[in-house]
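Residue-level structural notes
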Amino acid sequence: LKVLCGLFNSKLAQYYFSKKHNAFKVLRYHLETFPLPALTKKQEQEIDFLVTMLEKQFDEKTYQKLNQSIYKAYGLSNSEVELIEKTELSKAFIK
């Protein structure tokens, strides 16, 4: 469950929802159609750990590590990551 929390609160998810559904308000349908990556056990553990850390106290450095882990899980190229990173998105991590 924490892995899903991390995925849905990542910059990648915010970017996806804003472009695909043209809104920051996310509906149940949007969540159900969000493409989930096939994660390795190590990736799941890393994302789970980072979400746990962010739940305790939000830290920009930890949030960036979470985003980098998620970019890697989706196999994004450097140019794709750069596009997402330079797009102005809200900091919507839910504690």
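Our subject is the structure that appears above.
About the thresholds
Residues numbered from 1 in each chain as written. Predicted model: local features only at pLDDT ≥ 70, side-chain atom pairs only at ≥ 80, totals over all residues. Heavy atoms only, no water. Axes fitted to C-alpha atoms, helices over the stretch in contact; angles between N-to-C directions. Helix = DSSP H or I, 4+ residues; strand = E, 2+ residues; numbered from the N terminus. Parallel < 35°, antiparallel > 145°, perpendicular 65-115°, else oblique. Left-handed = near helix turned anticlockwise from the far one by under 90°. Contact = heavy atoms within 4.5 Å. Nonpolar A, V, L, I, M, F, W, Y, C, P; charged D, E, K, R; others polar. Buried < 20%, exposed > 50% of the residue type's maximum accessible area, 1.4 Å probe, protein only.

**Considering the packing of helix 4 (residues 41-56) against helix 5 (residues 60-74)**
At a minimum axis distance of 9 Å, the contact between helix 4 and helix 5 shows a crossing angle of 155°. Here helix 4 is positioned roughly antiparallel relative to helix 5, judged by the angle of their axes. Once helix 4 is placed against helix 5, the crossing between them reads as left-handed. In contact with Q43, E46, I47, L50, V51, M53 and L54 of helix 4, helix 5 contributes T62, Y63, K65, L66, S69, I70, K72 and A73. In terms of residue class, the contact of helix 4 with helix 5 is made up of nine nonpolar, three polar and three charged.

**Here we look at the environment of L83**
Residue position: L83 is located in helix 6 (residues 78-86). The partly exposed category is assigned to L83, whose relative accessible area is 39%. Distance from L83 to Y15, taken between C-alpha atoms, is 9.5 Å for residues 68 residues apart in sequence.

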